[in-house]
Amino acid sequence: MFTHLSERLPELVEALWETATMVGIATASALLLGLPLGTLMYLSRRGGLREHAALCAAVNSVVNLIRSFPFLILLVALIPVTRFLLGTSLGTVAASVPLAVAAVAYYSRLSEQSLLEVDAGVIEAATALGATVREILFKVVFVEALPGLLLGLTISIVSFISYSTLAGAVGGGGIGDFAIRYGYYRFETDVMVTTMAIIAVIVQAVQFGGGRLSRRFDKR
Amino acid sequence: MIELQGVSKRFRTADGDVPAVSDVSLRIRPGEIFGIVGFSGAGKSTLLRMINLLERPDAGRVVVGGQELPALSPARLRQARQSIGMIFQHFNLVANRSVQDNVSLALEIAGVPKAQRRDVVQQSLQTVGLADKARHYPGQLSGGQKQRVAIARAIANRPKVLLCDEPTSALDPQTTGEILKYLRAINEASGVTIVIVTHELGVVNRLCHRVAVMEKGSVRDTIAFDESPRELSSVLGRAILEERRRDKDYRDVYAFV
C-alpha cells in the first residue's frame, strides 16, 4: 500500500520545512506589520482615539485592494515586485513575498476587528484617569484585546498554510506543491492521503494551541 | 472646588442638534457631597462628564480646583484629570487585569514609581475592604465588589474630586447601601468632594448634602438639606423632600421603640 511513500519521505520532510518557512515568514509579517496597520486603522477611524480621515481612508483602501484579489492572482501579479526585492521570483523565500503581503492585509483587518471589540467604557475610564493615547493602547486596549488578537492570529495561520500550498505555482515548493506533483500528477494515492493527513494534523494542532493560548489570557 | 458657569452642550444627531445641557451654573464646595438628579435624558450625566471634560462644553466655564479645564493644553488636562477620580454605572474595569493591577493602572498613569505603587494599591483596596481579593480578576467578583474596586482605582491618586456616574444603578438595594457607606466614609476620611449623578431618590437622601434637580438640560432646583426647605418648582424636588420627611418620620418612630 505505501509503496511510494518511503521513497518520497526525504522530499516530504523538505516540503514540510518549506511550508514552515513560508508560514513563518507570513506570520512574522502579520505580527510586525499587520498588527501595527490594524492599530492604525483602529486609531484613525471616525470616533477613534486619534481620528485622521485621510490616513484612515488611505490605509483602508490599500488593505481592501490587496484583499480583493484571489491569492493566486496576487501571487502572479507580485512577481515583478519579488524580482525587484530579491533578484529572483523562484524559490521558497520568493514565494513568501506575496504570501507576506496577503498576510499583512489579512491580519490587519482581523486585528482591527479585535481592537474594536474592546469596551468603550474601559477606554473612557482610562481617559478619565488622565491616560495618554499610548497608555490607553498599551495598558488597556491591547490587554483587553489580547485573547481576540490571538484567536485572529490562529485563524490567520490556518489561512496562511492554505495560501502557502498555492506557492508551488511560482516555484515555492512546500507541502501543497509536493502533494500535487506526486499525489496528483503521478497518481501516488498513498502520498496524497498521507500529505492530506499531515496537513489536517498541523491545522488541528494550530487551532488547538491558539485556542488554549487565547483562553489563558482571557479573564472575562 | 467646582464651578460651572453658563455651561451648555448640544449633541449632533441624525435629526439635527439636540440640546443636552443648556446654560447651567453650579458651585460645588470643597468636601461636599453634591447630588445631580433627574429623569432619563435630563442631561445629568452629560453635566457630570463636563466636570472632567469627558464631554467638552460648547460654551461656558468649567473650573475645578482653580483650573479652567477647557483652557488647558492636552498634557495639563491629563494632569488635572489625575486629581479627579471617576466611577461609572458599569464599573469599567479592565477585565484582563487583576484587581490590584486595575488599581495600579491609575498610579502607572500618574507616573508613581513601582516601589510606591504596591503600598498605595494595598491601602486603596483596604479602604474598600477588598485587600483579600487583590489577585482576583473582575470576572470573579460580584457587582458590588467590582464597584468597590472601581472606587479603589478612582481614589488611588488621592483626588480632590470624585465623580460618580449612576454608581449604584446596576446594583441591588442592599449592595447600593454598602457602596454609599464606602463613599460617605471616604468623603469623611479624606474630605474629597463627591459629585454623584443618580435617578434614585433614596441615594440622594442617604448620601448628599445638596442636590440639583435637572429637567430638560437645566437645573430646576437646588436643595440644601441643612437649610429649611424653600419653594420648589420641580416635581422631582418635591418628591425628594417628601421622601425625606417620610424617612425621618420612620426613623423617629423607630427611635421610640
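In this text the structure is predicted, and so the values were computed from the model without any measurement.

### Some points on the overall build of chain A
Thought 1: Check the secondary structure of chain A and you find nine helices and zero strands.
Thought 2: Element order for chain A, N to C, with α for helix and β for strand: α-α-α-α-α-α-α-α-α.
Thought 3: Taking the principal axes of the C-alpha coordinates as reference, chain A spans close to 70 × 40 × 25 Å.
Thought 4: A burial count over chain A gives 44% of its 220 residues as buried.

### Brief notes about the sheet that holds strand 7 (residues 161-165) of chain B
All names here are of chain B.
Thought 1: The six strands are arranged 6-7-8-3-9-10 in an open sheet whose pairing can be described as mixed. Strands with a single pairing partner mark the edges of an open sheet, and in this sheet they are strand 6 (84-87) and strand 10 (218-224). For this sheet, the mean inter-axis angle between neighbouring strands, taken without regard to orientation, is 15°.

### Remarks on unusual backbone geometry
Residues and elements named next belong to chain B.
Thought 1: Phi is positive for Asn-92, close to 55°, though the residue is something other than glycine.
Thought 2: Residue placement: Asn-92 occurs in the loop between strand 6 and helix 3 (99-109).
Thought 3: Asn-92 sits in the buried class, given 24 other C-beta atoms within 10 Å.
Thought 4: Within the chain, Lys-216 stands out as a residue other than glycine whose phi angle is a positive 45°.
Thought 5: Along the chain, the position of Lys-216 falls in the loop between strand 9 (210-215) and strand 10.
Thought 6: A count of 14 C-beta atoms within 10 Å places Lys-216 in the partly exposed class.

### Topic: the domain arrangement of chain B
Residue and element names in this part refer to chain B.
Thought 1: Looking at the assigned domains, one finds that chain B contains domain 1 (2-83 + 165-256) and domain 2 (96-158).
Thought 2: Computed over C-alpha atoms only, the centres of domain 1 and domain 2 are separated by 25 Å.
Thought 3: Facing the 11 residues of domain 1 at the interface are 12 residues of domain 2.
Thought 4: Residues of the side of domain 1 that touches domain 2, tallied by class, amount to six nonpolar, four polar and one charged.

### Things to note about the environment of A:Pro147
All names here are of chain A.
Thought 1: For Pro-147, the position within the fold is in helix 7 (residues 133-166).
Thought 2: Judged by C-beta crowding, with 22 C-beta atoms within 10 Å, Pro-147 ranks as buried.
Thought 3: Between the C-alpha atoms of Pro-147 and Ala-77, which are 70 residues apart in sequence, the distance is 35 Å.
Thought 4: Look past the residues within four positions of Pro-147 in its chain and what remains in contact with it is Ser-214, Phe-217 and Asp-218.

### A closer look at the nonpolar core
Thought 1: Judged by nonpolar contacts, the single largest core of 124 residues is most densely connected at A:Ala26, A:Leu99, A:Ala103, B:Ala152, B:Leu163, B:Ile194 and B:Val195.
Thought 2: Counting the residues that make up this core, at least three belong to each of domain 1 (2-83 + 165-256) and domain 2 (96-158) of chain B.
Thought 3: Leave out the neighbours within four places in its chain, and A:Ala26 touches A:Ser96, A:Leu99, A:Ala100, A:Ala103 and A:Phe160.
Thought 4: A:Ala15, A:Phe178, A:Tyr182 and A:Val191 belong to the second-largest nonpolar core, a separate cluster that totals six residues.

### With respect to the interface of chain B and chain A
Thought 1: Each partner contributes to the interface: chain B provides 21 residues, whereas chain A provides 19 residues.
Thought 2: Mapped by element, the contributors of at least two residues to the side of chain B that touches chain A are helix 2 (74-81) and helix 3 of chain B.
Thought 3: Here the side of chain B that touches chain A takes four residues from helix 3 of chain B, the largest share from any one element.
Thought 4: Per-class residue counts for the side of chain B that touches chain A are 10 nonpolar, seven polar and four charged.

### Quick notes on the pairing of strand 4 (residues 59-64) of chain B
Residue and element names in this part refer to chain B.
Thought 1: Summarising the sheet, strand 1 (residues 2-13) and strand 4 pair through five bridges and their orientation is antiparallel. Bridge pairing in strand 4 places Ser-8 opposite Ala-59.
Thought 2: Pairing analysis gives two bridges linking strand 4 to strand 5 (residues 67-68), with the strands arranged antiparallel. Bridge assignment links Val-63 to a residue of strand 5, and that residue is Glu-68.

### Regarding the sheet that holds strand 4 of chain B
All names here are of chain B.
Thought 1: Reading across the sheet, the four strands line up as 2-1-4-5 and stay open at both edges, with antiparallel pairing between neighbours. Of all strands in the sheet, those bounded by a partner on one side alone are strand 2 (16-28) and strand 5.
Thought 2: Pairing of strand 1 with strand 2, which is carried by nine bridges, proceeds in the antiparallel orientation. The residue of strand 2 that forms the bridge with Glu-3 is Arg-27.

### Points about the packing of helix 6 (residues 120-128) of chain A against helix 7 of chain A
Residue and element names in this part refer to chain A.
Thought 1: Running from N to C, helix 6 and helix 7 cross one another at 155°; their axes reach a closest spacing of 10 Å. Judged on the interaxial angle alone, helix 7 and helix 6 are roughly antiparallel. The handedness of the crossing between helix 6 and helix 7 is right-handed. Counted together, Val-122, Ile-123, Ala-126 and Thr-127 of helix 6 and Glu-135, Ile-136, Val-140, Val-141 and Glu-144 of helix 7 form the full contact between these two elements.
Thought 2: Tallied by class, the residues present in the contact of helix 6 with helix 7 amount to six nonpolar, one polar and two charged.

What counts, and at which threshold
- Residues numbered from 1 in each chain as written.
- Chains lettered and ligands numbered in written order.
- Predicted model: local features only at pLDDT ≥ 70, side-chain atom pairs only at ≥ 80, totals over all residues.
- Helix = DSSP H or I, 4+ residues; strand = E, 2+ residues; numbered from the N terminus.
- Buried ≥ 20, exposed ≤ 12 C-beta atoms within 10 Å, placed from the backbone.
- Pairing = 2+ DSSP bridges.
- Axes fitted to C-alpha atoms, helices over the stretch in contact; angles between N-to-C directions.
- Domains from an automatic or database assignment.
- Contact = placed C-beta atoms within 7 Å.
- Nonpolar A, V, L, I, M, F, W, Y, C, P; charged D, E, K, R; others polar.
- Core = buried A, V, L, I, M, F, W, Y, C linked by C-beta atoms within 7 Å.
- Parallel < 35°, antiparallel > 145°, perpendicular 65-115°, else oblique.
- Left-handed = near helix turned anticlockwise from the far one by under 90°.

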